[in-house]
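Summary of the model geometry
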Amino acid sequence: DTEVTQTPKHLVMGMTNKKSLKCEQHMGHRAMYWYKQKAKKPPELMFVYSYEKLSINESVPSRFSPECPNSSLLNLHLHALQPEDSALYLCASSRTSGVKGGELFFGEGSRLTVL
Amino acid sequence: LAKTTQPISMDSYEGQEVNITCSHNNIATNDYITWYQQFPSQGPRFIIQGYKTKVTNEVASLFIPADRKSSTLSLPRVSLSDTAVYYCLVGDMNSGGYQKVTFGIGTKLQVIP
């Protein structure tokens, strides 16, 4: 199984809603990532988890709250988002987060629209 | 901070070989060079990774000169399905020793019939 599964594929939410994006992998990878991608732009790194601990937070606003319940799961909790947060949210995993951590495996993404 | 520079776009006819060059003048000793492919509304997909000289797999070749300040992704005999954005990435260590995998602007390859 070389898949990273993200749910939901599409999400529409209001600015006062609370929702979560979920990501799952069963490759035994110990590093997991959240990226945000706006249209016609490259993916932007948001968070990196290594061995279930948050290792990198790219100064992401607190309305985005990541969680790594175990080595296979990664969540992104969303609260009080703004319309400009509408984007494709990509989850990825790799063997480790070190220099030789191996390739990143990406999910198909969750398309978020904030009204 | 290792930064990459690549052409914004390229056009190629079907069946031709395509070479996309990436500049990374500040590459660190430990950094690997990795290329990803992305189709619209999909996650990026790993193509190839190398450290020096030449690496070849079933879909592409990666040429890295001795100074490692650039690299060239070579796609043999492209087809319409190779139309995508191609990203060159260089490993980037933060102070905690964790690798920040950051994407550059990417090269949009358009394959023409």
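These notes cover the structure that comes with them. Please read all numbers here as calculations on a predicted model, not as lab measurements.

**Considering the overall build of chain B**
Of the regular secondary structure elements, chain B holds zero helices and nine strands. Mapped in sequence order, the helices and strands of chain B form the string β-β-β-β-β-β-β-β-β. Over its C-alpha trace chain B gives a radius of gyration of 14 Å, about what one expects of a compact globule, namely 13 Å for 113 residues. In terms of its C-alpha atoms, chain B occupies a principal-axis envelope of roughly 45 × 30 × 25 Å. By the burial criterion, 46% of the 113 residues in chain B qualify as buried. Contacts in chain B between residues far apart in sequence, at least 24 positions, make up 55% of those at least 6 positions apart. When the accessible surface of chain B is totalled, it reaches about 5,700 Å², and 50% of it is carbon and sulfur. Between the mean site of the 9 positive side-chain charges and the mean site of the 8 negative ones, chain B shows a separation of 6 Å.

**Overview of the pairing of strand β3 (residues 18-25) of chain A**
All names here are of chain A. Bridge count for strand β1 (residues 4-7) against β3 is four bridges, and the pairing is antiparallel. Directly across from Thr-5, in β3, lies its bridge partner Glu-24. Note: β3 against strand β8 (residues 73-79), seven bridges, orientation antiparallel. For Glu-24, the partnering residue across the bridge sits in β8 and is Leu-73.

**Details of the sheet that holds strand β9 (residues 107-112) of chain B**
Residues and elements named next belong to chain B. With respect to topology, five strands assemble into an open sheet ordered β1-β9-β8-β3-β4, the strand pairing being mixed. In this open sheet, the two strands that pair with only one neighbour each are β1 (9-13) and β4 (45-50). Ignoring strand direction, the axes of neighbouring strands in this sheet form an average angle of 25 degrees. Relative to strand β8 (residues 84-90), strand β3 (residues 33-38) runs antiparallel, the two sharing six bridges.

**Digging into the interface of chain B and chain A**
On the side of chain A, 23 residues touch chain B, which itself brings 19 residues to the contact. Around 1,900 Å² of area is buried between chain B and chain A when both sides are counted, 58% of it from carbon and sulfur atoms. On inspection of chain B and its partner chain A, the count reaches zero salt bridges. At the junction of chain B and chain A, the tally comes to three residue pairs in polar contact (both at pLDDT 80 or more).

**Quick look at the packing of aromatic side chains**
Residue and element names in this part refer to chain A. Tallying each qualifying case throughout the model produces 10 aromatic pairs over all chains. Between the aromatic rings of Tyr-35 and Phe-106, the centroid separation amounts to 5.5 Å while the plane-to-plane angle is 50 degrees, which identifies the pairing as tilted. Taken together, the residues span a long stretch of sequence, with Tyr-35 in strand β4 (residues 31-37) and Phe-106 in strand β10 (residues 105-106) at a distance of 71 residues. Across the pair, Phe-106 and Tyr-35 agree in class, each one buried.

Rules of the game
- Residues numbered from 1 in each chain as written.
- Chains lettered and ligands numbered in written order.
- Predicted model: local features only at pLDDT ≥ 70, side-chain atom pairs only at ≥ 80, totals over all residues.
- Heavy atoms only, no water.
- Helix = DSSP H or I, 4+ residues; strand = E, 2+ residues; numbered from the N terminus.
- Rg over C-alpha atoms; globule rule 2.2 N^0.38 Å.
- Buried < 20%, exposed > 50% of the residue type's maximum accessible area, 1.4 Å probe, protein only.
- Contact = heavy atoms within 4.5 Å.
- Areas by Shrake-Rupley, 256 points an atom, 1.4 Å probe, with all protein chains shown as cover.
- Lys, Arg positive; Asp, Glu negative; His and termini not counted.
- Charge placed at Lys NZ, Arg CZ, Asp CG, Glu CD.
- Pairing = 2+ DSSP bridges.
- Axes fitted to C-alpha atoms, helices over the stretch in contact; angles between N-to-C directions.
- Buried area = accessible area lost by both parts, 1.4 Å probe.
- Salt bridge = Lys/Arg side-chain N within 4 Å of Asp/Glu carboxyl O.
- Polar contact = N/O pair within 3.5 Å; in protein donor to acceptor, adjacent residues only side chain to side chain.
- Phe/Tyr/Trp six-rings, centres within 6.5 Å; stacked < 30°, edge-to-face > 60°.

Purely geometric stuff here, so don't read any function into it on its own.
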